[in-house]
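The chain contents come next:
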Amino acid sequence: MDFTLTAEEETFAADVRRFLRDHPPERFPLDGMDAGYGSGAHSRAFLEALAGQGWLAMCWPKAHGGEERPMFFKLVLMEELARAGAPFGPLAGCWQTADAIIGFGTERLRREVLPEIARGEATFWQGYSEPDAGSDLLALKTQARREGDHWVIQGHKIWSSHAGISRYGLVFARTSREARRSRGFSMFVVPNRTPGMDIRPIRSLTGEVYHYEVFLDDVRVPEDLMLGPEGEGFLALLNGLDADRFWGRFYKAPALERVLRQLVDYANATVVRGEPLARNAVVRRRLAEIAADIAALRLMFYRAACLLRDGGPITYETAVAKVMADETGQKLARLGMDLLGLWGPLREGSPWARLGGQISRLYLTSLGHTIAGGTAEILRTAVAVRGLGLPAEPKGR
Amino acid sequence: MDFRPSPAQRLLVSTARDFLQHHCPIELVQRLALDERGFDEPLWRSMAELGWPGLLIPPALGGSGGSLIDVILLVEEMGRACLPGPFVTSAVAATSVLLTVGSAAQQKRLLPALAAGERIATLALVEESASFDPEAVALDCDAPGRLTGKKLFVKDAHVADDLIVLVRGGGGLSLVLLPADRAGIVRLPLDTGSGERLFEVTFDGVEVRADDLLGPAGRGRELLAPALQAGALARTAEMVGAAQRVLELVVEHAKTRVQGGRPIGGYQAIQHACADLVRDVDASRGLLYAAAWKVAEGDSAEADVAMAKAYAGEACLRVARRGHQIFGAISYCEEHPLHLFHARIQAASLDFGDADLQLETVARALGLG
């Protein structure tokens, strides 16, 4: 056992902290909403600054312009960025897409898209969900038909994060009718300005735009923008979803640590009925309890990280960690709202707003976390069936 | 970062699991729970032959010089088997006290015998305040002097040869080491219902000699701290092992119990409950290993230990309660093993500091004023 970072990882962490001191993250312009996952807002400028350090491609093979650094460097980078509250929103998606392209992408994707990712220019929206295909992803209706050396996509995607400000969509579509429901799907990397694509914002309950819906009306995509083997997109996606759960939530624990620190400071500085909030026994207990939850959460992700690094089998570990991340985040947001009381709902920019109005925003955005990327229900079922070997419920059709 | 036990540790774990499966089946646990003494002498001797009580003790004093992580992994297996008895009290907590503060003479006299399982030692810390906070101790005693008063919740006092007693004296707190049969010491059993053997120990003008003192007088609080940490971690390991076993029993039941034409584990209500048990056990274990590792490395780990114990106490009790719900009526029977694991987790969650005490430690570490 060993619960420390290696000397190289520690050195890299210090490099990242130095970078953040030299480039205060709050000075970067933001392009898209922070949905509260811990990776902050969408900021192309910040992504490009990371790229300038060579950090976007650092773990890729040398043949693709990388430095072949170990995967844990990505964890170190994300943890430091999350602790600092930096706006690295699209980073995890960029890395996942890059890994998929390096793993089974076409020559064109490697030649054109990878360098754009390395430079911090390319970000991606996920075109998975549809109006009638949420948790039951296989019910999706978007289709792609072959026409010469192109695929023509027809369909309607929804809940695509940052779609309006990304460069590409990762569109999941049916490419053939197969006997097995899970076969016959493929994935496409579709440039955002392709004719026939209509991207419309969806205003969220915070009043900002995070999600979009995308109408695809005979969108023509060159065949070498298909990502992965034709018809096997679902299996690729499943691996992707396990990774998605991990990389989409790894930074939640350090981000929650940051919020907890703010709440501790607030409790120390706030006097209620003649006594600092921090002296209130209930407040002390709730803050201490959630500190333990967050510490446990961080270790759950590091355990999954070790399995990913060592090639150990992942059956349920990322699913259970994701549910825990999102429910812990909701618990912390709720606690924050309780501590703030009447001040809680005051938004950023309002007179008298406390803690920058960020707690109510965290409270609201965290409602979406147990839904996005696999609902807590779907994931608990996955833990039970894949992890514990309990029998799957009979299918409804 | 690496969560895997070493090959030697894996061997220790598999040996322990195998041994306990054969020598501590649940039927024995059930019998001992109903037995007045609750202590199986032959089993204790077999454990001693495996060297378990000497795991923390250096080879020069008859032990095998293992680390705290080794002990934690072993105790996790003991929790899995719901092994009753004084192992944590004697071989972890009391042994830690002697290792930390015992004089050369005290160590030489006691540690080889503890390592061989020939002696058993226990801690008499808590009083009517019912708190493991050393500051709550009021019992006065100087060494040399006389000790009059009582300690409560003293575990396994009936089988103990030696008592380590925390007293107020020497301008602070002091530790004294008394043979359990010294004149004036009376051990009165409490009826716990948890299977734990807890005692009220009364001292009636008991003679305390100068050389009964453990470590310098007045420094009991800091001298005791490592043993309290080791005890808290060991009881956390016991909870994690017991909760792991509950999870396994529950999953087995969910796969085989058929209602409405299919196994109940095929219903989402049961599946989702089981998924929560996985989270509770895994998260508790992560905190436990990380805290034990930090202690074993000699780093300051007060808050880590406190978090691990508080978290596991709540999470593992949740596992036990939910286990009852999933098992249904059958688990309400005395002959069903679930209540034994439940009671063990409950008892362990209170020993060496309950959630209240641990979370206050965490709160201070967070910087709450």
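On a predicted model such as this, the values are computed, not experimentally measured, just so you know.

Student: What should I look at first to understand the overall build of chain A in this one?
Tutor: Assigned secondary structure in chain A consists of eleven helices and nine strands. In terms of overall size, chain A behaves like a compact globule, its C-alpha atoms giving a radius of gyration of 22 Å where 397 residues would be expected to give roughly 21 Å. Its C-alpha atoms put chain A at 75 × 50 × 45 Å along the principal axes. Looking at chain A alone, contacts between residues at least 24 apart form 69% of all its contacts between residues at least 6 apart.

Student: When you look at the overall build of chain B in this model, what are you seeing that I'm missing?
Tutor: Along the backbone of chain B there are eleven helices and nine strands. Taking 2.2 N^0.38 as the reference for a compact globule, 369 residues should give roughly 21 Å; the C-alpha atoms of chain B span a radius of gyration of 21 Å, in line with that estimate. Projected onto the principal axes, the alpha-carbon positions of chain B cover approximately 75 × 45 × 40 Å. Buried residues in chain B amount to 55% of all 369 residues. Of the contacts formed within chain B by residues at least 6 apart in sequence, a portion of 77% connects residues at least 24 apart.

Student: I keep staring at the environment of Ala 86 of chain A and nothing clicks. Help me out?
Tutor: All names here are of chain A. Along the chain, Ala 86 turns up in the loop between helix 3 (72–83) and helix 4 (91–104). Ala 86 gets classed as buried once you count the C-beta atoms within 10 Å, which come to 28. Measuring from C-alpha to C-alpha, the distance between Ala 86 and Pro 24 comes to 8.4 Å, with 62 residues separating the pair along the chain. Not counting residues up to four positions away in its chain, the partners in contact with Ala 86 are Leu 20, Pro 25, Gly 40, Phe 46 and Leu 81.

Student: Teacher, can you tell me more about unusual backbone geometry here?
Tutor: Excluding glycine, most residues fall at negative phi; most peptide bonds, likewise, are trans. For the bond from Ala 143 of chain B to Pro 144 of chain B, the omega torsion is 0°, close enough to zero to count as cis. Although it is not a glycine, Trp 352 of chain A adopts a positive phi angle of roughly 70°. Its place among the elements puts Trp 352 of chain A in the loop between helix 9 (317–340) and helix 10 (358–369).

Student: Is there a simple way to think about the confidence of the model for chain B in this case?
Tutor: In regions of low pLDDT, the predicted coordinates are not meant to be interpreted in detail. On average, residues of chain B score 97 in pLDDT, and 100% of them reach the 70 mark or higher. In the predicted assembly, ipTM is 0.97 and pTM is 0.97.

Student: Hey, could you run me through the sheet that holds strand 2 (residues 145–155) of chain B in this one?
Tutor: Strand pairs in the sheet, formed through backbone hydrogen bonds, run parallel or antiparallel to each other. Residues and elements named next belong to chain B. Taken together, three strands build an open sheet; the order of strands is 2-6-5 and the sheet is antiparallel. Where the open sheet ends on each side, the last strands, each with one partner, are strand 2 and strand 5 (185–189). Looking at each pair of strands side by side, their axes are set apart by 10° on average, direction ignored. Of the pairings in the sheet, the one linking strand 5 to strand 6 (residues 198–208) comprises five bridges and is antiparallel in character. Pairing of Val 186 across the sheet is with Thr 202, part of strand 6.

Student: Explanation requested: the interface of chain A and chain B in the structure shown.
Tutor: One widely used convention gives an interface's size as the accessible area the parts lose upon coming together. Listed per partner, the contact involves 37 residues of chain A and 39 residues of chain B. Elements with a contribution of two residues or more to the side of chain A that touches chain B: helix 7 (252–269), helix 8 (281–310), helix 9 and helix 11 (376–387) of chain A. In terms of residues, the side of chain A that touches chain B owes the most to one element, helix 8 of chain A, which gives 14 residues. Split by residue class, the side of chain A that touches chain B holds 26 nonpolar, three polar and eight charged.

Student: Explanation requested: helix 8 (residues 268–296) of chain B in the structure shown.
Tutor: Note that an α-helix has 3.6 residues per turn; residues three or four places apart therefore point the same way. Residues and elements named next belong to chain B. Counted at 1.5 Å a residue, the expected span for helix 8 with its 29 residues is 42 Å, and the 42 Å between its end C-alpha atoms agrees. Within helix 8, 25 of the 29 residues are buried, which leaves it mostly tucked inside the rest of the structure. With its phi angle positive at about 80°, Gly 298 sits one or two positions after the end of helix 8.

Student: Can you help me understand the environment of Ile 26 of chain B in this one?
Tutor: Residue and element names in this part refer to chain B. If you trace the backbone, Ile 26 turns up in helix 2 (residues 26–34). Ile 26 gets classed as partly exposed once you count the C-beta atoms within 10 Å, which come to 16. With 49 residues separating them along the chain, Ile 26 and Val 75 place their C-alpha atoms 16 Å apart. Not counting residues within four places of it along the chain, the set of residues in contact with Ile 26 comprises Cys 82 and Pro 337.

Student: When you look at the packing of helix 11 of chain A against helix 8 of chain B in this model, what are you seeing that I'm missing?
Tutor: When two helices pack together, their arrangement is given by the angle between the helix axes and the distance between those axes. Packing of helix 11 of chain A against helix 8 of chain B leaves a shortest axis separation of 8 Å and a crossing angle of 80°. Looking at the two axes, helix 11 of chain A sits roughly perpendicular to helix 8 of chain B. In contact with Glu 377, Arg 380, Thr 381, Val 383, Ala 384, Val 385 and Gly 387 of chain A of helix 11 of chain A, helix 8 of chain B contributes Gln 268, Gln 271, His 272, Cys 274, Ala 275 and Val 278 of chain B. Across the contact of helix 11 of chain A with helix 8 of chain B, the residue classes break down as six nonpolar, five polar and two charged.

Student: What is the right way to read the pairing of strand 3 (residues 162–169) of chain B from this model?
Tutor: Each regular strand displays side chains that alternate between the two surfaces of the sheet. All names here are of chain B. Extensive coverage of strand 3 is indicated by the burial of seven of its eight residues. Where strand 1 (residues 121–124) lies against strand 3, four bridges are found, and the strand directions are parallel. Counted as the bridge partner of Ala 121 is Asp 162 from strand 3. Counting the residues between successive antiparallel strands, the hairpin from strand 3 to strand 4 (residues 172–179) contains two residues, one of them, Gly 170, with a positive phi of roughly 65°.

Student: Explain the domain arrangement of chain A to me, please; I cannot follow it from the model alone.
Tutor: Each domain of chain A was delimited in the assignment, giving domain 1 (7–122), domain 2 (125–231) and domain 3 (249–387). Centre-to-centre, using C-alpha coordinates, domain 2 of chain A lies 32 Å away from domain 3 of chain A.

Student: I'm lost on the domain arrangement of chain B in this one. Help?
Tutor: All names here are of chain B. If you check the domain split of chain B, you get domain 1 (7–115), domain 2 (121–218) and domain 3 (221–366). Computed from C-alpha coordinates alone, the two centres of domain 1 and domain 2 are separated by 22 Å. The partner domain 2 presents 15 residues to the 16 residues of domain 1 that form the contact. Considering each element in turn, the side of domain 1 that touches domain 2 owes the most residues, six residues, to helix 5 (residues 87–101). For the side of domain 1 that touches domain 2, the per-class residue count stands at ten nonpolar, five polar and one charged.

Student: Would you mind going over the nonpolar core with me for this structure?
Tutor: Nonpolar side chains tend to gather and get buried jointly when the protein is soluble and globular. Core analysis: the biggest nonpolar cluster contains 247 residues, and Phe 188 of chain A together with Leu 233, Cys 274 and Leu 287 of chain B have the highest contact counts within it. Discounting chain neighbours no more than four positions away, the residues touching Leu 233 of chain B are Leu 68, Ile 72, Leu 288, Ala 291, Ala 292, Val 295, Val 305 and Ala 308 of chain B. Within the second largest apolar cluster, five residues are counted, among which are Met 33, Ala 35, Ala 41 and Tyr 210 of chain A.

Student: Explanation requested: the sheet that holds strand 3 of chain B in the structure shown.
Tutor: All names here are of chain B. The strand order 1-3-4-7 describes an open sheet built from four strands, whose pairing is mixed. Where the open sheet ends on each side, the last strands, each with one partner, are strand 1 and strand 7 (213–214). Here strand 3 runs beside strand 4; their pairing, made up of eight bridges, is antiparallel. Considered in strand 4, the bridge of Leu 166 is made with Leu 175. The strands touched by helix 5 are strand 1, strand 3, strand 4 and strand 7; relative to strand 1, the strand with the most contacts, the crossing angle is about 80°.

Student: I would appreciate a short explanation of helix 10 of chain A in the present structure.
Tutor: With twelve residues, helix 10 of chain A extends 16 Å from end C-alpha to end C-alpha; this agrees with the ideal 16 Å at 1.5 Å per step. Looking at the packing, one finds that the buried side of helix 10 of chain A touches helix 7 and helix 9 of chain A.

Student: What exactly am I supposed to notice about the packing of helix 7 of chain A against helix 9 of chain A here?
Tutor: Residues and elements named next belong to chain A. Direction vectors running N to C along helix 7 and helix 9 enclose 15°, while the axes themselves pass 11 Å from each other. In terms of orientation, helix 7 and helix 9 fall into the roughly parallel class. Relative to helix 9, helix 7 is oriented so that their crossing is left-handed. Where helix 7 approaches helix 9, its residues Lys 252, Leu 256, Val 259, Leu 260, Leu 263, Tyr 266 and Ala 267 are matched on the opposing element by Ala 325, Thr 328, Gly 329, Leu 332, Gly 336 and Leu 339. Residues belonging to the contact of helix 7 with helix 9 are distributed by class as follows: nine nonpolar, three polar and one charged.

Criteria and thresholds
Residues numbered from 1 in each chain as written. Chains lettered and ligands numbered in written order. Predicted model: local features only at pLDDT ≥ 70, side-chain atom pairs only at ≥ 80, totals over all residues. Helix = DSSP H or I, 4+ residues; strand = E, 2+ residues; numbered from the N terminus. Rg over C-alpha atoms; globule rule 2.2 N^0.38 Å. Contact = placed C-beta atoms within 7 Å. Buried ≥ 20, exposed ≤ 12 C-beta atoms within 10 Å, placed from the backbone. pLDDT = per-residue confidence, 0-100. Pairing = 2+ DSSP bridges. Axes fitted to C-alpha atoms, helices over the stretch in contact; angles between N-to-C directions. Nonpolar A, V, L, I, M, F, W, Y, C, P; charged D, E, K, R; others polar. Expected span 1.5 Å × (residues − 1). Parallel < 35°, antiparallel > 145°, perpendicular 65-115°, else oblique. Domains from an automatic or database assignment. Core = buried A, V, L, I, M, F, W, Y, C linked by C-beta atoms within 7 Å. Left-handed = near helix turned anticlockwise from the far one by under 90°.

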